[in-house]
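Single-letter residue listing:
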Amino acid sequence: MKVLVLAGTAEARELSFALERAGIDLITSLAGATERPAPMAGASRVGGFGGAPGLAEFIKANDVSHLVDATHPFAAQMSRNAHEAAETAQIPLVQLVRPAWPEKPNWHMHDDLAAAASALPTGATVFLSTGRGSLAAFADRDDVTFIARVIDDLPGPFPLPKGRFQIGKPPFSVQEEVATLNDAKIDVLVSRNSGGTGGIEKILAAEHLGLKIFMVKRPSMPQGNRVETVDDALAWLTKT
Ligand code: NAP
């Protein structure tokens, strides 16, 4: 058995160590989105494959027998590629996806980033924790000030009409998040329903401060084998 883990999440990292402990041969793959990713077990590679055909080629060339899509719940393109490539290469695929946070009545739910962007109130100061790649969706809102938290301090101007980056590497405590939102005089928090334990603190902080919370729903995933925990992914792999 040789497992390719499409990574980029804490769960992928945990799975890599669990596979190593179980003596299973593995390769982990990262998109290369962060400058200093946390270490993982197994052989590693970084960068895109060149779409689903490139991934299918990689699978065949490296004798991969099982594919795990442990990418972020919002990495929809990679999940579609994984689905297609597993079919082409005819190997089993499992999606390891952490559960979404249960919706709360005080959250304003939006189908995607564009819907959240267009619903923002004029004149608001908005905290974006939706990632650097999401900022284009807010580019038309020159009547809103954005504070966009990102992990890496990269060169280049702030890409939105009004606002600034805030550099910060998680985890953050609720107390820290309260201070961040307070200091920046935030009116609205925009978050994606990433789920998991890391990341809920900003939501709790916004609730504590009585701010508006705009929550973006998850994109749809291809149908297929799906588990929610590292243990279940390991169990699925060892019985497949
Ligand atoms: P995406 O839109 O679904 O994928 C864009 C392209 O990036 C893919 O088509 C693929 O390029 C490449 N890619 C993505 N994940 C890869 C992986 N694990 N290994 C090799 N190539 C990969 O993904 P995204 O939203 O930009 O996220 C990029 C990565 O960051 C993902 O691995 C994800 O797990 C991680 N991440 C994303 C978020 C988020 O909010 N979206 C949050 C935390 C971490 P090719 O088509 O050339 O193969």
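Every chain is numbered on its own, with residues counted from 1 as its sequence reads. Only residues with pLDDT of 70 or above have their local features reported here, since the model is predicted, and side-chain atom pairs are shown and tallied only from 80 upward, although totals for entire chains, interfaces and linings are computed over all residues. The side-chain values count all of the structure's non-hydrogen atoms but skip hydrogen atoms and water molecules.

K.L.:
I'd love a proper account of helix H7 (residues 230–239), names of residues and values included.
P.N.:
For H7, the complete set of buried residues consists of Val-230, Ala-233, Leu-234, Trp-236 and Leu-237. Viewed end-on, H7 has its buried residues packed into an arc of 160°, placing them on one side of the element. For H7, exposure combined with an orientation more than 90 degrees from the buried face picks out Asp-231, Thr-238 and Lys-239. Contacts are residue-level and defined by heavy atoms, with any inter-residue pair within 4.5 Å sufficient. Numbering goes from the N terminus for both helices and strands, where a helix is a DSSP run of H or I of at least four residues and a strand is a run of E of at least two. Contact partners of the buried residues in H7: strand S1 (2–6), helix H1 (10–21), strand S4 (66–69), strand S5 (93–96) and strand S12 (225–227). Note on classification: 1.4 Å probe, protein chains only; a residue is buried when its accessible area is under 20% of the maximum for its type, exposed when over 50%, partly exposed between these limits. Summarising the geometry, the arc corresponds to the directions from the helix axis toward the C-beta atoms.

K.L.:
Requested: an account of the site of the ligand, with residues and values cited.
P.N.:
Nearness is defined per residue: one heavy atom within 4 Å of the molecule or strand is enough. Taken together, 21 residues lie near the ligand, and Ser-29, Phe-49, His-72, Met-78 and Arg-192 sit nearest. Any N or O atom pair separated by 3.5 Å or less is treated as a polar contact, with the protein-specific requirement of one donor-capable and one acceptor-capable atom, and with residues adjacent in sequence counted only for side-chain atom pairs. One of the side-chain nitrogen or oxygen atoms of Ser-29 is found 2.7 Å away from a nitrogen atom of the ligand. Within the backbone of Phe-49, an N or O atom sits 2.6 Å from an oxygen atom of the ligand. Listing elements by their share of the shell around the ligand, those giving two or more residues are strand S2 (25–30) and helix H3 (76–89). The leading source of residues in the shell around the ligand is H3, at 4 residues. Residues are grouped as follows: Ala, Val, Leu, Ile, Met, Phe, Trp, Tyr, Cys and Pro are nonpolar; Asp, Glu, Lys and Arg are charged; all remaining types, including Gly, are polar. Broken down by class, the residue content of the shell around the ligand amounts to 9 nonpolar, 10 polar and 2 charged.

K.L.:
I'd like a rundown of the sheet that holds strand S3 (residues 43–46), residues and numbers included.
P.N.:
By definition, two strands form a pair when at least two bridges between them are found by DSSP. Spatially, S3-S2-S1-S4-S5-S12 is the arrangement adopted by the 6 strands of the open sheet, whose pairing is parallel. The open sheet has two edge strands, S3 and S12, and neither has a second partner. Neighbour-to-neighbour, the strand axes of the sheet open up by a mean angle of 25°, direction not taken into account. With 3 bridges connecting them, S5 and S12 associate as parallel partners. Note that in S12 the partner of Val-94 across the bridge is Asn-225. Across the sheet, H1 lies against S1, S2, S4 and S5, angled at about 165° from S1, the strand it touches most. Angles shown run from 0 to 180 degrees and are taken between the N-to-C directions of axes, each axis being a line fitted to C-alpha atoms and, for helices, limited to the stretch in contact.

K.L.:
Describe in detail the sheet that holds strand S6 (residues 107–110), supporting the description with residues and values.
P.N.:
The sheet built from 6 strands is open, its strands ordered S6-S11-S10-S7-S8-S9 with parallel pairing. Sheet topology places S6 and strand S9 (163–167) at the edges, where each strand pairs with a single neighbour. Ignoring strand direction, the axes of neighbouring strands in this sheet form an average angle of 20°. Bridge count between strand S7 (residues 125–128) and strand S8 (residues 145–150): 4 bridges; the pairing is parallel. Looking at the pairing, Val-126 lines up with Phe-146 of S8.

K.L.:
Go over helix H5 (residues 174–183), please, and point to the residues and values.
P.N.:
The complete set of buried residues in H5 reads Glu-177, Val-178, Thr-180 and Leu-181. Down the axis of H5, the smallest arc covering the buried residues is 165°, so these residues share one side. Among the exposed residues of H5, those pointing more than 90 degrees away from its buried face are Gln-175 and Asp-183. Buried residues belonging to H5 abut S7, S8, S9 and helix H6 (200–209). Phi turns positive one or two residues past the end of H5, at Lys-185, with a value near 55°.

K.L.:
Outline unusual backbone geometry, listing residues and values.
P.N.:
In this chain, Pro-170 is followed by Pro-171 through a cis amide linkage whose omega measures 10°. With respect to the element layout, Pro-171 can be found in the loop between S9 and H5. Even without being glycine, Asp-63 reaches a positive phi, approximately 55°. Looking at where Asp-63 falls in the secondary structure, it is placed in the loop between helix H2 (51–61) and S4. Owing to a relative accessible area of 61%, Asp-63 belongs among the exposed residues under this scheme.

Keep in mind that these numbers describe shape and distance, not what the molecule does.
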